[in-house]
Amino acid sequence: MLEVRSSHSVSEMALNRDRRQRHHQRCLRPAAGAPRPPGAANTSFLIPERLFAMSENSKKKFYALNMFDVTNVEKYVAYFSRLPEVAPQYGGRMVAFGRFRDNVAGDLAPRQVLFLVEWESEEAFNTFRDDPELVDFHPLRENGTASYIWQTFDGLDMSDPADVSIDDVLAVLKP
């Protein structure tokens, strides 16, 4: 009789078996309506009956991406400190604000700061941008920054990816 010896103890082998089982369970799609195990990938947007059903319900969004270098901290802080009060009056919501970390890929020259604002619509954004009542407001941003990139995007609310259909994804990917 051949004796097989392992460098792993019985308890280590059981632990590894349990890890494999948990991994396998996370990778399998749960039955309809069943809660997803913690850490499981959300693949519900790939369920055939959902592929074309969510377009009417998905939340279309309009985003303004701002990337820039700060040249005058006081002026930019004066702008930024008023923004939480001003932007919502025009349908804007500040989504993300961050500092540059690393250029992973791409040809765009890095900027120090990223700022993402979600707007109710393109019209809401344009009203904010063009309102003559904000004549003293926008120069604070303009005079406190350099190498400013301000781009707008149509997009989807991804706070719950299960509510996004493949049609919505394709609408973003295909102009």
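Residues numbered from 1 in each chain as written. Predicted model: local features only at pLDDT ≥ 70, side-chain atom pairs only at ≥ 80, totals over all residues. Heavy atoms only, no water.

1. Notes on the side chain of Arg 141
Part 1 of the reasoning: Relative to the helices and strands, Arg 141 resides in helix α4 (residues 138-144).
Part 2 of the reasoning: In terms of polar contacts, Arg 141 uses its side chain to reach the side chain of His 138, at 2.8 Å.
Part 3 of the reasoning: Every residue in contact with Arg 141, bar those within four places of it in the chain, is listed here: Tyr 76, Tyr 79, Tyr 148 and Trp 150. (Helix = DSSP H or I, 4+ residues; strand = E, 2+ residues; numbered from the N terminus. Polar contact = N/O pair within 3.5 Å; in protein donor to acceptor, adjacent residues only side chain to side chain. Contact = heavy atoms within 4.5 Å.)

2. Some remarks on the environment of Gly 92
Part 1 of the reasoning: In this structure, Gly 92 sits in strand β2 (residues 92-99).
Part 2 of the reasoning: With 29 residues separating them along the chain, Gly 92 and Ser 121 place their C-alpha atoms 8.9 Å apart.
Part 3 of the reasoning: Discounting residues that sit within four places of it in the chain, Gly 92 has contacts with Ala 87, Val 117, Glu 118 and Trp 119.

3. Focus on the confidence of the model for the protein chain
Part 1 of the reasoning: Per-residue pLDDT for the protein chain averages 79, and the proportion of residues at 70 or more is 67%.
Part 2 of the reasoning: Within the protein chain, helix α1 (residues 10-27) has the poorest average pLDDT of any element, 53, and strand β3 (residues 113-119) the best, 97.
Part 3 of the reasoning: Across residues 26-32 the pLDDT falls below 50, and counting only partners more than four positions away or on other chains, this stretch makes 11 contacts in the model.
Part 4 of the reasoning: Counted against residues more than four places away or in other chains, residues 45-55, with its pLDDT under 50, gives 23 contacts. (pLDDT = per-residue confidence, 0-100.)

4. Digging into helix α2 (residues 73-89)
Part 1 of the reasoning: When the terminal C-alpha atoms of α2 are compared, their 25 Å separation across 17 residues agrees well with the 24 Å that a helix rising 1.5 Å per residue should span.
Part 2 of the reasoning: Every buried residue of α2 is listed here: Tyr 76, Tyr 79, Leu 83, Val 86 and Ala 87.
Part 3 of the reasoning: Contact partners of the buried residues in α2: β1 (60-70), β2, β3, α3 (122-130), α4 and β4 (145-156).
Part 4 of the reasoning: Measuring from the backbone nitrogen of Glu 74 back to the side-chain oxygen at the start of α2 gives 3.2 Å, which picks out Asn 72 as the cap.
Part 5 of the reasoning: Two residues or fewer after α2 comes Gly 91, characterised by a positive phi angle close to 90°. (Expected span 1.5 Å × (residues − 1). Buried < 20%, exposed > 50% of the residue type's maximum accessible area, 1.4 Å probe, protein only.)

5. Regarding a nonpolar patch on the surface
Part 1 of the reasoning: On the surface, Leu 170, Val 172 and Leu 173 cluster together into a nonpolar patch covering about 270 Å² of accessible area.
Part 2 of the reasoning: If you trace the backbone, Leu 173 turns up in helix α5 (residues 166-173). (Patch = residues over 30% accessible without salt bridge, like charges linked within 9 Å, V, L, I, M, F, W, Y side chains within 5 Å. Areas by Shrake-Rupley, 256 points an atom, 1.4 Å probe, with all protein chains shown as cover. Salt bridge = Lys/Arg side-chain N within 4 Å of Asp/Glu carboxyl O.)

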